[in-house]
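Chain by chain, the residues run as shown.
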Amino acid sequence: MSTARTTRLLVPSAAALWTSALGLWGLSRQNSVWRDEAATWQVARRSTAEIAQLLGNVDVVHGLYYLLMHGLFELFGPGTTVLRLPSVAAMAVAAACVATLGHRLAGPWAGLGGGVALGLLPAVQFYLQEGRPYALVAAGAGVSTLLLVTLLEGRGRTVHWIAYGGTVALCGLLNWLSLMILPAHLLTLLLSGRSVRRVRTGRDVGGPGGLGGPGEPGGLGRPGEPCVPGGPGGLGRRWAVAAGAAVVCVLPLVLFSRSQSAQVSWIPPLTWHMLIGPAVLLAVGGAGAVLDRRSPYRPDGPSAAAVGLPLLVVPQLGLAGLSLVQPLFLDRYVLFSLLGLALLIGAAIGAGVRTVSRRLPRAGRWLLPAVVVVASVALLPQALAKRSPESRVDDVLSAADAVRRLKRPGDAVLFFPSARRDTRLVSPDAFSGLEDIALARTPERSGTLKGVEDGPARIRTAMLTHRRILLVTDTPAVSRPPATERDRMKRSVLRNHFRIVTDTQTRGRRVTLYERRAAPR
């Protein structure tokens, strides 16, 4: 096996192994599961018919992911490892894609640097161990971008276009906001077409008269690699067909999910301070793009900047624009844009290695390891924080453990608000022997995430027939005022007719044992 081929295999493999190691480190998060992951857990344990019923009412945007997790739970059983391992594997694929892209577009050091940088980004470390679909979308974004670059390099066939459209569609079915990758890819296509025209008209650097020979900086490409067939126009038409097909596949989901838009009504309106983080990311990516422009490494296709900068910028700006119409500005919706940032960081590292190597040939190879060590040490507090239960709003498993300790046969249980019923749905064994006195229809039967509760009068009557009641709710730091008449009734009856025996607060959840007050004599 040639050295070049070995490098092409080692660079993405090393990036994938690095990211996998980061993902497996502290994967159980001290045996904790927070409310978003609890939704995945409880839905994945339902039958396919029950999942289909649920999607007709709520969470249709996550339907494909729920079905995937249902299959995994059926095969391996529920647990934190099964819940999070798909995200670890997906982000490892994304890192391998970034490494491959960087290697092709800016050299092996850029590829390895970009692949390693992706796993170190704090936002990636958060969702790397998250039982939600965002890492899977990032993997799909990496694969689709790699396919696009292969096509721009003139090495693709019809099967690559089919795979490209199918991957974009699959990502859209996991999260339809990922379709913002299409305008990013369109911009890459336009920039690449401009680059090809510049080379063909002799207005590029390198070689006599502005044209380098094959395999030389600024040249038309490496020996044996064809230029883009049919020119940018033919590529543009094929891309439009593939992108249009993907959009058509996802459009029914987009339209149907609009009827469930109340699910995201809690997202706050966009404010200027919310744009500080994205602005920093864009500044870092812009610096990487500038350094890449000075790179002598130019393959037969787009530059790293032409691929990475649109992938970073377009989804971030697109989400900000959408949020002006309806508040949707959450970083997880555009997590895949960080692949562009990692690619640009890799390009900057590659430029740094070349600069150092020209002056100190032996020192150049140590630049990347030094950068990784410094970055890892600097980001260690963040990495440790992401792997602690306190990094999430709450923990349903710790609340279930408290219920298990406090309950007695014949006790009743209440949830305030009803969404905190996710504690019982994730750990039903902890609630065995307890009566859910407010519940009229279970989540499975009602096709909801939290079930349907009785009216306030019935709940009041049921509460007054019990001597001991366990209340599962949020801690004061994250709780909200009662939003329904049912919850106001629960609070009123507990305050007027019961007394607190034990109050346990842990990891964002609160379990309080109430006992009926003695009747006045």
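Residues numbered from 1 in each chain as written. Predicted model: local features only at pLDDT ≥ 70, side-chain atom pairs only at ≥ 80, totals over all residues. Heavy atoms only, no water.

### Focus on the overall build of the protein chain
A tally of regular secondary structure across the protein chain gives 20 helices and seven strands. Judged by the C-alpha coordinates and their principal axes, the protein chain covers about 105 × 50 × 45 Å. Residues classed as buried in the protein chain amount to 53% of the 521 residues present. Within the protein chain, contacts between residues separated by at least 24 positions form 76% of all contacts whose residues are at least 6 apart in sequence. When the accessible surface of the protein chain is totalled, it reaches about 23,200 Å², and 63% of it is carbon and sulfur. Taken as two groups, the 59 positive and 30 negative side-chain charges of the protein chain have centres that lie 6 Å from each other. (Helix = DSSP H or I, 4+ residues; strand = E, 2+ residues; numbered from the N terminus. Buried < 20%, exposed > 50% of the residue type's maximum accessible area, 1.4 Å probe, protein only. Contact = heavy atoms within 4.5 Å. Areas by Shrake-Rupley, 256 points an atom, 1.4 Å probe, with all protein chains shown as cover. Lys, Arg positive; Asp, Glu negative; His and termini not counted. Charge placed at Lys NZ, Arg CZ, Asp CG, Glu CD.)

### Details of the packing of helix H12 (residues 276-293) against helix H14 (residues 338-359)
Geometrically, a packed helix pair is captured by the angle between its two axes and the distance between the axes. At a closest axis distance of 8 Å, the pairing of H12 and H14 adopts a crossing angle of 40 degrees. Relative to H14, the element H12 is oriented oblique. For the crossing formed where H12 meets H14, the hand is left-handed. Where H12 abuts H14, its residues Leu281, Val284, Gly285, Gly288, Ala289, Leu291 and Asp292 lie against Leu338, Leu341, Leu344, Ile345, Ala347, Ala348 and Ala351. Each residue belonging to the contact of H12 with H14 can be placed in one class, and the counts come to 11 nonpolar, two polar and one charged. (Axes fitted to C-alpha atoms, helices over the stretch in contact; angles between N-to-C directions. Parallel < 35°, antiparallel > 145°, perpendicular 65-115°, else oblique. Left-handed = near helix turned anticlockwise from the far one by under 90°. Nonpolar A, V, L, I, M, F, W, Y, C, P; charged D, E, K, R; others polar.)

### Here's the deal with the packing of aromatic side chains
For the coordinates displayed, the defined rule picks out seven aromatic pairs. Relative to Tyr164, the ring of Trp161 lies with its centre 6.3 Å away and its plane at 85 degrees, an arrangement referred to as edge-to-face. A residue pair is termed a helical-turn pair when its members lie 3 or 4 positions apart in one helix, as Trp161 and Tyr164 do in helix H9 (residues 158-174) at three residues. The burial state of Trp161 is the same as that of Tyr164; both residues are buried. Their ring planes at 40 degrees and their centres at 5.8 Å tell us that Phe415 and Phe431 sit as a pair that is tilted. Here Phe415, found in strand S1 (residues 412-416), pairs with Phe431, found in the loop between helix H17 (422-426) and strand S2 (435-436); they are 16 residues apart in sequence, far enough to count as distant. Assessed through its relative accessible area of 0%, Phe415 is described here as buried. In this structure, Arg392 packs its charged tip against the face of Phe126, placed 3.7 Å from the ring centre. (Phe/Tyr/Trp six-rings, centres within 6.5 Å; stacked < 30°, edge-to-face > 60°. Lys NZ or Arg CZ within 6 Å of the ring centre and 35° of its normal.)

### Looking at the pairing of strand S6 (residues 498-506)
Summarising the sheet, S6 and strand S7 (residues 509-516) pair through eight bridges and their orientation is antiparallel. Bridging from a neighbouring strand, Phe498 pairs with Arg516 of S7. Remark: two residues form the turn of the hairpin made by S6 and S7, two consecutive strands paired antiparallel; Arg507 in that turn has positive phi of roughly 50 degrees. (Pairing = 2+ DSSP bridges.)

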